[in-house]
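Each chain, written out:
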Amino acid sequence: MALAEHAAELLAEAGLLTSVRGDVPEPPRMPNIGEAFPRPYMCDDLIAGDPAYGTVVCFCERVTAGEIRDALASPLPPADLDGLRRRTRAMMGRCQGFFCGAEIAGRLARVEGS
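Residues numbered from 1 in each chain as written. Predicted model: local features only at pLDDT ≥ 70, side-chain atom pairs only at ≥ 80, totals over all residues. Heavy atoms only, no water.

Asker: Outline the packing of helix 3 (residues 65–72) against helix 5 (residues 101–113), listing residues and values.
Answerer: Where helix 3 contacts helix 5, the axes come no closer than 11 Å and their chain directions differ by 35 degrees. Helix 3 and helix 5 meet at a crossing whose hand is right-handed. Along its contact with helix 3, which presents A65, I68 and L72, the element helix 5 presents I104, R107, L108 and V111. A class-by-class count of the residues in the contact of helix 3 with helix 5 yields 6 nonpolar, no polar and 1 charged. (Axes fitted to C-alpha atoms, helices over the stretch in contact; angles between N-to-C directions. Helix = DSSP H or I, 4+ residues; strand = E, 2+ residues; numbered from the N terminus. Left-handed = near helix turned anticlockwise from the far one by under 90°. Contact = heavy atoms within 4.5 Å. Nonpolar A, V, L, I, M, F, W, Y, C, P; charged D, E, K, R; others polar.)

Listed below in structure tokens is the structure:
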């Protein structure tokens, strides 16, 4: 930003920059994918119906065992950990799967072994 301000000052001194637009709208704000709708671990009625939605497996992204189970049982299940990661955001937090990676890999292996 400092370089842009300096360049604008130089252009203004040279008479090439006459005014700055003030009618530019604010950029649109999109919620994070995990904040767009209530997550299963937040819904008490969902947890009461199925306790797996109350068992958090990935603590960084707050992905529950129920979400992983649902992704693995979907009509087009993930073939590997990357597919599961894209569907649930598991292993995408601060630890990058250091804490939850083994548990999630084990769940995927149990489904593949069945």
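More follows now that the structure is in view.
Asker: Which residues make up helix 1 (residues 2–13), and what are the values?
Answerer: End to end, helix 1 covers 17 Å across 12 residues, agreeing with the expected 16 Å (1.5 Å per residue, within 8%). Downstream of helix 1 by a residue or two, G15 has a phi angle that is positive, lying close to 80 degrees. (Expected span 1.5 Å × (residues − 1).)

Asker: Could you give an account of the packing of aromatic side chains, naming the residues involved and the relevant values?
Answerer: Taken as a whole, this structure holds 1 aromatic pair when the rule is applied. Centroid distance F98 to F99: 5.2 Å. Interplanar angle 85 degrees. Geometry classified as edge-to-face. Take F98: its relative accessible area is 66%, and that puts it in the exposed class. R69 extends its terminal NZ or CZ atom over the ring of Y53, reaching a point 5.4 Å from the ring centre. (Phe/Tyr/Trp six-rings, centres within 6.5 Å; stacked < 30°, edge-to-face > 60°. Buried < 20%, exposed > 50% of the residue type's maximum accessible area, 1.4 Å probe, protein only. Lys NZ or Arg CZ within 6 Å of the ring centre and 35° of its normal.)

Asker: Please give an account of the environment of Y41 that cites residues and values.
Answerer: With respect to the element layout, Y41 can be found in the loop between helix 1 and helix 2 (44–49). Residue classification places Y41 among the partly exposed residues on the basis of a relative accessible area of 26%. Residues Y41 and R86 lie 45 residues apart in sequence; the distance between their C-alpha atoms is 19 Å. In this structure, Y41 is in contact with I47, Y53, V56, R62 and T64, ignoring residues within four places of it in sequence.

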